[in-house]
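# Observations on the model geometry
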Amino acid sequence: SRKCPTREWHLSDFDMGRPLGKGKFGRVYMVRTKSAPKYILALKTLYKSEIVQSKVEKQIRREIEIQQNLRHPNVLRLYGYFHDSKRIFLMLEFAGKGELYKQLSKHGCFSEKRSSRYIDQMADALMYLHGKHVIHRDIKPENLLLGINGELKIGDFGWSVHAPGNRRMTLCGTLDYLPPEMVEGREHNEKVDYWALGVLTYEFLIGNPPFEDRSSVNNTYRRIAKVDLKFPPTISVEVKDLISKLLQYDPGRRLALSAVLHHPWIVKYRSKIS
Ligand SMILES: O=C(O)Cn1ncc2ncnc(NCCc3cnc(NC(=O)Nc4cccc(Cl)c4)s3)c21
């Protein structure tokens, strides 16, 4: 595509709208460009002091470098960024229906049809990312957003890397989505996202991730490393088959994304008008 010159942006270029959410490193605001054409977007503010303190400046740089070159309907766009003396601002695509995990906690769990359509979009987006040798590494409901028509958008590439990676991760946040190779600090590749897709499918349908142990982090580690997978009777044989083929200890045995897109549980719910 023609390289459109990225102009310099400043906070004064925007009318500030309502706050959208409060992340760990700063707030997200709905904003609109003052000059025509008036674009609505989400502005994520990150405080430089906090970024330096948490030693994540490299990750932010990598996120900006990676996400600015991504174009996919199920990947949240990062249009650009700018900074002032104290803050960095990420200019993000506005996701009209907000955070997916809020819907998940409101409903408790999703129907097989809704879950299947989300996983279909996830698999498509992951195929695109892996095609560009980008591993997301942090697939979980908290990093998923919903567009104005309910379409899924993968956001927050704060942990993404160019494959393969084996960077030690200061494990913050939930471990529930980590595959055995990362829990054991071994080399990992894009197949970590296959594992996370299996965990996500399980959590959409059941309302909690498969290896969760609220009482102890170590137990969660152990359950992941053992692939201690139990299904409640409520879910269909087809989706148990898909989840079991993604939650394989050996990364090489995990179902390929192309096979996920052809799996009966995905095909049966695919929208006819596509
Ligand atoms: O989700 C909400 O709070 C509310 N919400 N509602 C609608 C909506 N539309 C768009 N975006 C929203 N939120 C921002 C989502 C992000 C995308 N990319 C990110 N990147 C990031 O945080 N990077 C980052 C930060 C700190 C450290 C490091 Cl290492 C990396 S955050 C929206």
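Keep in mind that this is a model prediction, so the values were computed, not measured.

### A few points about the site of the ligand
Close to the ligand lie 22 residues, the nearest being K44, E63, E93, A95 and D156. Between a nitrogen atom of the ligand and a side-chain N or O atom of E63, the distance comes to 2.6 Å. Expressed as a share of its isolated accessible area of 670 Å², the protein-covered part of the ligand is 92%. The set of elements that each furnish at least two residues to the shell around the ligand consists of β1 (14-22), β3 (40-47), α2 (57-67) and β5 (87-93). Looking at side-chain class alone, the shell around the ligand contains 13 nonpolar, 4 polar and 5 charged residues.

### Quick word on helix α6 (residues 191-206)
Over its 16 residues, α6 extends 23 Å from the first C-alpha to the last, a length consistent with the 22 Å expected when each residue adds 1.5 Å. Among the 16 residues of α6, 15 are classified as buried, and the element is accordingly described as predominantly covered. Backbone geometry just after α6 places G207 at a positive phi near 100°.

### Considerations on the nonpolar core
Core analysis: the biggest nonpolar cluster contains 53 residues, and L129, I154, L197, F204 and V260 have the highest contact counts within it. With 10 residues, the top contributor of residues to this core is α6. F204 has contacts with L100, L104, C109, F110, S115, Y118, I119 and L144, leaving out every residue within four places of it along the chain. L46, I51, I64 and L90 belong to the second largest nonpolar core, which has 15 residues in total.

### Topic: the packing of aromatic side chains
Counted by the stated rule, this structure contains 9 aromatic pairs. Look at F110 and Y118: their rings are 5.4 Å apart centre to centre, the planes differ by 70°, and that puts the pair in the edge-to-face class. When its relative accessible area of 5% is taken as the criterion, F110 is described as buried. Aromatic pair W265 and Y269: ring centres 6.3 Å apart, planes at 80°, arrangement edge-to-face. Exposure class is identical for W265 and Y269. Each is buried. Following the ring pairs from residue to residue traces out a cluster consisting of W9, F14, F82 and F89. The aromatic ring of W9 is capped on one face by R7, whose charged end is 3.9 Å from the ring centroid.

### A closer look at the packing of α6 against helix α8 (residues 237-246)
The contact between α6 and α8 brings their axes to 8 Å, and the two run at 145°. Here α6 runs over α8; the crossing is left-handed. In contact with Y194, W195, L197, G198, T201, Y202 and L205 of α6, α8 contributes V239, I243 and L246.

### Here's the deal with the pairing of strand β4 (residues 78-83)
Relative to β5, β4 is paired through 5 bridges, and the arrangement is antiparallel. Counterpart to H83 in the pairing with β5 is I88. Here β4 folds back onto β5 in antiparallel fashion, the turn holding 3 residues.

### Notes on the environment of R87
Within the secondary structure layout, R87 lies in strand β5. Note: C-alpha distance between R87 and G26 (61 residues apart in sequence) is 9.2 Å. In contact with R87, other than residues within four places in its own chain, are L11, L46, Y47, K48 and F82.

Basis of the calculations
- Residues numbered from 1 in each chain as written.
- Predicted model: local features only at pLDDT ≥ 70, side-chain atom pairs only at ≥ 80, totals over all residues.
- Heavy atoms only, no water.
- Near = heavy atom within 4 Å.
- Polar contact = N/O pair within 3.5 Å; in protein donor to acceptor, adjacent residues only side chain to side chain.
- Areas by Shrake-Rupley, 256 points an atom, 1.4 Å probe, with all protein chains shown as cover.
- Helix = DSSP H or I, 4+ residues; strand = E, 2+ residues; numbered from the N terminus.
- Nonpolar A, V, L, I, M, F, W, Y, C, P; charged D, E, K, R; others polar.
- Expected span 1.5 Å × (residues − 1).
- Buried < 20%, exposed > 50% of the residue type's maximum accessible area, 1.4 Å probe, protein only.
- Core = buried A, V, L, I, M, F, W, Y, C linked by side-chain atoms within 4.5 Å.
- Contact = heavy atoms within 4.5 Å.
- Phe/Tyr/Trp six-rings, centres within 6.5 Å; stacked < 30°, edge-to-face > 60°.
- Lys NZ or Arg CZ within 6 Å of the ring centre and 35° of its normal.
- Axes fitted to C-alpha atoms, helices over the stretch in contact; angles between N-to-C directions.
- Left-handed = near helix turned anticlockwise from the far one by under 90°.
- Pairing = 2+ DSSP bridges.

These results come straight from atomic positions and should not be treated as a statement about function.
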